[in-house]
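Per-entry structural report
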Amino acid sequence: MIKILIAGDFCPHSRIARLVDERNYEEVFGNIRPLVKAVDYSIVNLESPVVLGKGTPIKKQGPNLRCTPNAVEAIKYAGFNMITLANNHFYDFGEEGVNDTLEACRNNEIATVGGGQNLSIAKKIFYKKIKDKSFGILNFCEHEFSIATEKNGGSNSLNPVANHYQILEARKSADYVIVIVHGGHEYYQLPSPRMKETYRFFIDSGADAVINYHQHCYSGYEVYNGKPIFYGLGNFCFDWD
């Protein structure tokens, strides 16, 4: 049996930010660390870019989130192997945030998927051999302010046509394909008809599981054609006062 753990949004904000900046990772993740360490592979979404300098926030609707490299250190302490970067905050501080985040992940030897210095990198499939099986992992997010282009960094976009072909490509080389999506209606616990249609389409395209987060609350799940679809994991660690 292969055990894979996928967690929702992590954003070191408010009380959590203070603990992370003090490197008090035990206080934040001590209780869940054994659970993460017990699986074969673990993934979490980093909901804010790392910014080393002062940084210049982009113009957008909603908050511009940021964190320090300590956030990635905390993720490594907790035992996670991979960070997903396709989310609506990855480009909150432009190219600086993209580059600083990727550097922090490299320095901590944590894999990434769904984000990069341009769209070609952001949409790359991540392949991982776990025990005797190969996995292809894809990460998409809805269009807000973070989407990468061929010239600018950012996140891989939720585009059912393009995503269909990415899933087909992953299917060629992987025993299992996992699709992770960042999208939905914040604080609403039911999937929209569009979400259900799109995520079922991803299963029909060849995905073995579809996992969604972003709403900051948990939602339901279903088994469609024998494959699981989770419509909302809720927050993993996202303090907001």
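Check the entry above for the structure.
Residues numbered from 1 in each chain as written. Predicted model: local features only at pLDDT ≥ 70, side-chain atom pairs only at ≥ 80, totals over all residues. Heavy atoms only, no water.

Helix and strand counts for the protein come out as eight helices and 13 strands. Taken across its 241 residues, the protein has 55% of its residues classed as buried. Counting only carbon and sulfur atoms, one obtains 51% of the accessible surface of the protein, whose full area is about 11,200 Å². Computing the positive centroid from 25 side-chain charges and the negative centroid from 27, the protein places the two 4 Å apart. (Helix = DSSP H or I, 4+ residues; strand = E, 2+ residues; numbered from the N terminus. Buried < 20%, exposed > 50% of the residue type's maximum accessible area, 1.4 Å probe, protein only. Areas by Shrake-Rupley, 256 points an atom, 1.4 Å probe, with all protein chains shown as cover. Lys, Arg positive; Asp, Glu negative; His and termini not counted. Charge placed at Lys NZ, Arg CZ, Asp CG, Glu CD.)

Close approach of charged atoms allows side chains of opposite charge to pair. Scanning all chains against the criterion turns up nine salt bridges. In this structure, E142 and R194 form a salt bridge, with 2.9 Å as the shortest nitrogen-oxygen distance. Taken as a pair, E142 in the loop between β7 (133-141) and β8 (154-155) and R194 in helix α8 (residues 193-205) lie far apart in primary sequence, 52 residues in all. Judged by its relative accessible area of 16%, E142 falls in the buried class. As a salt-bridge pair, E169 and K172 come within 3.2 Å of each other at their nearest N and O atoms. Taken together, the positions of E169 and K172, both in helix α7 (residues 160-173) and three residues apart, correspond to about one turn of that helix. (Salt bridge = Lys/Arg side-chain N within 4 Å of Asp/Glu carboxyl O.)

Phi at S14 takes a positive value of approximately 55°, unusual for a residue other than glycine. Although it is not a glycine, H216 sits at a positive phi angle of roughly 65°. Within the secondary structure layout, H216 lies in the loop between β10 (209-213) and β11 (221-224).

This paragraph deals with the side chain of N156. Residue position: N156 is located in the loop between β8 and α7. In contact with N156, other than residues within four places in its own chain, are A86, G114, L119, A122, K123, N139, F140, C141, I147 and Q166. (Contact = heavy atoms within 4.5 Å.)

Looking now at the packing of aromatic side chains. Each aromatic ring pair is specified by the distance between its two centres and by the angle formed by the two planes. Counted under the stated rule, the structure contains ten aromatic pairs. Here F10 and F29 contribute two aromatic rings whose centre-to-centre distance is 5.4 Å and whose plane-to-plane angle is 65°, an arrangement assigned as edge-to-face. Of this pair, F10 sits in strand β1 (residues 4-11) while F29 sits in helix α2 (residues 25-29), and the two are 19 residues apart along the sequence. Pairing Y199 with Y231 gives two aromatic rings, centres 5.9 Å apart and planes at 20°, and the pair type is stacked. (Phe/Tyr/Trp six-rings, centres within 6.5 Å; stacked < 30°, edge-to-face > 60°.)

With 14 residues, α7 extends 20 Å between its outermost C-alpha atoms, agreeing within 8% with the 20 Å of an ideal straight helix rising 1.5 Å per residue. Buried within α7 we find N163, Q166, I167 and A170. Buried positions in α7, seen along its axis, are confined to an arc of 100° and lie on one side of it. Away from its buried face by more than 90 degrees, α7 exposes V161, Y165 and K172. (Expected span 1.5 Å × (residues − 1). Arc of directions from axis to C-beta.)

This part is about the sheet that holds strand β13 (residues 235-238). Spatially, five strands are ordered β4-β3-β2-β1-β13 in an open sheet, and the strand pairing comes out parallel. In this open sheet, the two edge strands, each paired with only one partner strand, are β4 (111-113) and β13. Within this sheet the neighbouring strands show an average axis-to-axis angle of 30°, counted without direction. Those strands touched by helix α4 (residues 69-78) are β1, β2 (41-46) and β3 (82-84), and its axis lies near 155° from that of β2. (Pairing = 2+ DSSP bridges. Axes fitted to C-alpha atoms, helices over the stretch in contact; angles between N-to-C directions.)

Geometric values such as these leave the question of function open.
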